[in-house]
Amino acid sequence: MGFDPSTLEGQVAIVTGGGTGIGRGIALEMARVGAKIVIASRSVEHLEPAAKEIRQTGAPCKVVQMDVRDWDACHRMAQEAVNAFGRVDILVNNAAGNFRVPAEELTQNGWQSVIGIDLNGTWNCSRAVFPVMKQQQHGNIVNILAFTDRGAPSMVHAASAKGGILTMTMTLAAEWGPYGIRVNAITPGRVPTLGTQRNLRLGLRRGEEDDLGGEEGVAQMQGTADDSPVGRTGSPADIGNAAVFLCSDLASWITGVHLHVDGGRRLGTGGLPADTPLRRPAGS
Ligand code: NAP
């Protein structure tokens, strides 16, 4: 079961941070339904292996090495996409960076850095593709959020940035809708990626050993998998499928919304253990 393989046929999709984790999953799902893909981030070591995997689906894929904090680089990225494929139909603002630190210890530099990637980066890329989408009278922007239900202790920089992106989503949806541009957002639940592992380093603080949390981090991620009504771990493909839907014609009357894709984890389980009939997946 899946989308019609022509769902995004002929469309050109830019995915920032498309070399790893959730961004890679989104780029792959869009490639599988006919989109031409541009993946963009700082590290070609991340981008090139992902591009190889994306091309194996049969879709063309262009790699752009850039930093979303850099306004000119974002405009170059948009131009390179147009040069390669003639248009830009989709932008997924997925690139992000953060680290755990209590608010009282967060430096000005740390604050600026995360706001620069998450909030400014989303704006820079959105503004860079806007003239192309306006001229086409067609475009979809999908912003990847986090921490949108509650406070995020030790993540005040990222939580503030993502909150700003949520209101940016609604504002740009209102302003750019008349140009045929829809702007929506997704809040993923916890999806095991290198980024998640990094953030699950228990007790680690800036300046301490950067060991990505290792097995302890992965175990904690798996442990939280059951902590949702659906009772399984989410994958980058789960987020990719939601992004395909939001960019498809099936969602043509949806703009300015914020979609939770988290197996219902934010709702809690009422303390029911995973093996009770109420929590067991249907048919098992
Ligand atoms: P990830 O693998 O660490 O992905 C982050 C991506 O952003 C990397 O590909 C990185 O590539 C890119 N990036 C970072 N700084 C950049 C910059 N300055 N310029 C350009 N690209 C930059 O983490 P992830 O878990 O997949 O996260 C992806 C998105 O999902 C983020 O927006 C995150 O907030 C959101 N999210 C994730 C989860 C989860 O559980 N995984 C939950 C909620 C929300 P380079 O290093 O090559 O630049």
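Below you will find a few notes about this structure.

1. A closer look at the sheet that holds strand S3 (residues 61-65)
- In spatial order, the strands read S3-S2-S1-S4-S5-S6-S7; together these seven strands make up an open sheet with parallel pairing. The open sheet is flanked by S3 and strand S7 (258-261), the only strands paired with a single partner. Strand-to-strand twist of the sheet, defined as the mean angle between neighbouring strand axes without regard to direction, takes the value 20 degrees.
- The pairing of strand S5 (residues 139-144) with strand S6 (residues 181-188) spans six bridges and is parallel. In the strand pairing of S6, Ile141 is matched with Val183.

2. Focus on the pairing of strand S4 (residues 90-93)
- Both faces of S4 are covered, namely the face carrying Ile90 and Val92 and the face carrying Leu91 and Asn93.
- In this structure, strand S1 (residues 12-16) lies alongside S4, joined through three bridges in parallel fashion. Paired with Ile14 across the strands is Leu91, a residue of S4.
- Direction of pairing for S4 relative to S5: parallel, over a ladder of four bridges. Paired with Val92 across the bridge in S5 is Val142.
- Viewed along the sheet, the connection from S4 through helix H4 (residues 108-136) into S5 turns out right-handed.

3. Brief notes about the environment of Phe85
- Relative to the helices and strands, Phe85 resides in helix H3 (residues 71-85).
- The spatial distance from the C-alpha of Phe85 to the C-alpha of Lys36 is 7.5 Å, given a sequence separation of 49 residues.
- Filtering out sequence-adjacent residues up to four positions away, Phe85 remains in contact with Val12, Lys36, Ile37, Val38, Pro60, Cys61 and Lys62.

What counts, and at which threshold
Residues numbered from 1 in each chain as written. Predicted model: local features only at pLDDT ≥ 70, side-chain atom pairs only at ≥ 80, totals over all residues. Heavy atoms only, no water. Pairing = 2+ DSSP bridges. Helix = DSSP H or I, 4+ residues; strand = E, 2+ residues; numbered from the N terminus. Axes fitted to C-alpha atoms, helices over the stretch in contact; angles between N-to-C directions. Buried < 20%, exposed > 50% of the residue type's maximum accessible area, 1.4 Å probe, protein only. Right-handed = clockwise from strand over helix to strand, strands pointing away. Contact = heavy atoms within 4.5 Å.

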